[in-house]
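# Summary of structural features
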Amino acid sequence: MTTHEESGVRVEIFDRVATVTIDRPHVLNAVDDAAQTRLSEVWGELQENDDVWVVVLTGAGERSFCSGSDMSAGAQARSNLEFWAGANPDGYCGLTLRDSFTKPVIARVNGYALGGGMELVNGCDIVIAADSAVFGLVEPRVGRLAFDGTILMTRRMPYTTAMGMLLTGRKASAEEMRAAGLVNEVVPLAELDDAVDRWVQQILGCAPTSVRAIKEIARLTSHMPPRQAARQYLPSFDALFSSGNADEGVQAFREKRSPSWSYS
């Protein structure tokens, strides 16, 4: 299934994988108000779609993943606070601060990931980047602030590394971001699709109930002391073991076959 709307966001669903593409290459996949609104809607739709087990987020073309908000489109005329508090309590493009999305999101970073694009990277679970990709929260250089990025960066990489980027607005290479722990794998652009597919297939080889529970627990407990987290999310652990997948996985192992997973 493919949907392509005037918002500049394309969603393709095939074989349990949804590919969400920011399709505005003429502005390096910068997002305007329409694209931000549409992206915010997409996550809710994909969460409710049991045919989707994994999501890949990327940008159209070979130059840019997302270059942030389209400052030429008037999206920046209003305050970021107004947009965040009024329309996007789940963060930039409805993803970066969203706790309710339990499906893994892989960032396929094919070029520039700047400003809001870097924030979107921080909102993903796994990051695969082309060796030509460039990362940065450049807002201070135009008198602005990446609100979600400022919150998330120090949680995704060492504090001094994050602050070194935040306070200078400088750009960093994919390899530097891999060394800092933000990027999982760096490959030549020509090998990017194969690398992303390899990660997708590894996730699809796991029980979707396990994947959902792992993401939910990891995302919602990162700020908690371990004992508090264990007490609060023990019901999620218990529910997982009462699912059919728990028995199917053990049975498949005993029978030396591939498991047949169900979504529930």
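Where an unreviewed UniProt entry is consulted, the protein chain appears under the name Crotonobetainyl-CoA hydratase, with the organism given as Georgenia soli.

## Comments concerning the overall build of the protein chain
Scanning the protein chain from N- to C-terminus turns up 10 helices and 11 strands. Considered along the principal axes of its C-alpha atoms, the protein chain spans approximately 60 × 40 × 35 Å. A separation of at least 24 residues holds for 68% of the contacts in the protein chain among residues at least 6 apart in sequence. Of the roughly 12,900 Å² of accessible surface on the protein chain, a fraction of 54% belongs to carbon and sulfur atoms. Positive and negative side-chain charges of the protein chain, numbering 25 and 34 respectively, have mean locations separated by a distance of 6 Å.

## Describing the sheet that holds strand 7 (residues 112-114)
Taken together, the 4 strands give an open sheet; going across it, the order is 5-7-9-10, and neighbouring strands pair in mixed fashion. The open sheet terminates on both sides in strands that have one partner only, identified here as strand 5 (64-66) and strand 10 (172-173). Strand direction decides the pairing type here: strand 9 (residues 134-136) and strand 10, joined by 2 bridges, are antiparallel. What sits directly across from Val134, in strand 10, is Ser173.

## Brief notes about the domain arrangement of the protein chain
According to the domain assignment, the protein chain consists of domain 1 (3-203) and domain 2 (207-255). Facing the 13 residues of domain 1 at the interface are 6 residues of domain 2. Summed over both partners, the interface of domain 1 with domain 2 buries about 830 Å², with 54% contributed by carbon and sulfur atoms. Where domain 1 meets domain 2, there are 1 salt bridge. A salt bridge links Asp125 to Lys215, with the shortest nitrogen-to-oxygen separation between them at 2.7 Å. At the boundary of domain 1 with domain 2, the tally comes to 4 residue pairs in polar contact (both at pLDDT 80 or more). Among the residues forming the side of domain 1 that touches domain 2, the class breakdown is 6 nonpolar, 3 polar and 4 charged.

## Digging into a nonpolar patch on the surface
Where nonpolar side chains cluster on the molecular surface, the patch consists of Leu234, Phe237 and Phe241 and spans about 340 Å² of accessible area. You can see Phe237 is positioned in helix 9 (residues 226-241).

## Quick notes on the packing of helix 4 (residues 147-156) against helix 5 (residues 159-166)
It is at 8 Å that the axes of helix 4 and helix 5 come closest, and there the two elements cross at 150°. The angle between the axes of helix 4 and helix 5 places the two elements in the roughly antiparallel class. In this structure, helix 4 contributes Gly149, Thr150, Met153 and Thr154 to the contact, and helix 5 contributes Tyr159, Ala162, Met163, Met165 and Leu166.

## Focus: the pattern of salt bridges
Counted by the stated rule, this structure contains 14 salt bridges. Here Glu12 and Arg10 are joined by a salt bridge, their closest N and O atoms 3.4 Å apart. For Arg38, the salt bridge goes to Glu41, with nearest N and O atoms at 3.2 Å. Within this pair, Arg38 and its partner Glu41 are both found in helix 1 (residues 33-48), separated by 3 residues, close to a single helical turn. Judged by its relative accessible area of 7%, Arg38 falls in the buried class. Residues joined in a network through salt bridges with shared partners are Arg10, Glu12 and Asp23.

## With respect to the environment of Ala35
Residue placement: Ala35 occurs in helix 1. Residues Ala35 and Thr58, spaced 23 residues apart in sequence, show a C-alpha to C-alpha distance of 14 Å. In this structure, Ala35 is in contact with Ser7, Val9 and Arg24, ignoring residues within four places of it in sequence.

## Observations regarding helix 1
Relative to the 22 Å expected for 16 residues at 1.5 Å per residue, helix 1 spans 24 Å between its end C-alpha atoms, a close match to the ideal helical length. Every buried residue belonging to helix 1 is among Ala35, Gln36, Arg38, Leu39, Ser40, Val42, Trp43, Leu46 and Gln47, and all of these are buried.

## Quick notes on the pairing of strand 8 (residues 126-130)
Within strand 8, 5 of the 5 residues are buried, which leaves the element mostly enclosed by the surrounding structure. Covered by surrounding structure in strand 8 are Ile126, Ile128 and Ala130 together with Val127 and Ala129, the residues of both alternating faces. As paired elements, strand 6 (residues 105-109) and strand 8 share 4 bridges and run parallel to each other. Counted as the bridge partner of Ala107 is Val127 from strand 8.

## Notes on a negative patch on the surface
A surface patch of negative charge is lined by Asp131, Glu191, Asp194 and Asp197. In this structure, Asp194 sits in helix 7 (residues 192-204).

Cut-offs and rules
- Residues numbered from 1 in each chain as written.
- Predicted model: local features only at pLDDT ≥ 70, side-chain atom pairs only at ≥ 80, totals over all residues.
- Heavy atoms only, no water.
- Helix = DSSP H or I, 4+ residues; strand = E, 2+ residues; numbered from the N terminus.
- Contact = heavy atoms within 4.5 Å.
- Areas by Shrake-Rupley, 256 points an atom, 1.4 Å probe, with all protein chains shown as cover.
- Lys, Arg positive; Asp, Glu negative; His and termini not counted.
- Charge placed at Lys NZ, Arg CZ, Asp CG, Glu CD.
- Pairing = 2+ DSSP bridges.
- Domains from an automatic or database assignment.
- Buried area = accessible area lost by both parts, 1.4 Å probe.
- Salt bridge = Lys/Arg side-chain N within 4 Å of Asp/Glu carboxyl O.
- Polar contact = N/O pair within 3.5 Å; in protein donor to acceptor, adjacent residues only side chain to side chain.
- Nonpolar A, V, L, I, M, F, W, Y, C, P; charged D, E, K, R; others polar.
- Patch = residues over 30% accessible without salt bridge, like charges linked within 9 Å, V, L, I, M, F, W, Y side chains within 5 Å.
- Axes fitted to C-alpha atoms, helices over the stretch in contact; angles between N-to-C directions.
- Parallel < 35°, antiparallel > 145°, perpendicular 65-115°, else oblique.
- Buried < 20%, exposed > 50% of the residue type's maximum accessible area, 1.4 Å probe, protein only.
- Expected span 1.5 Å × (residues − 1).

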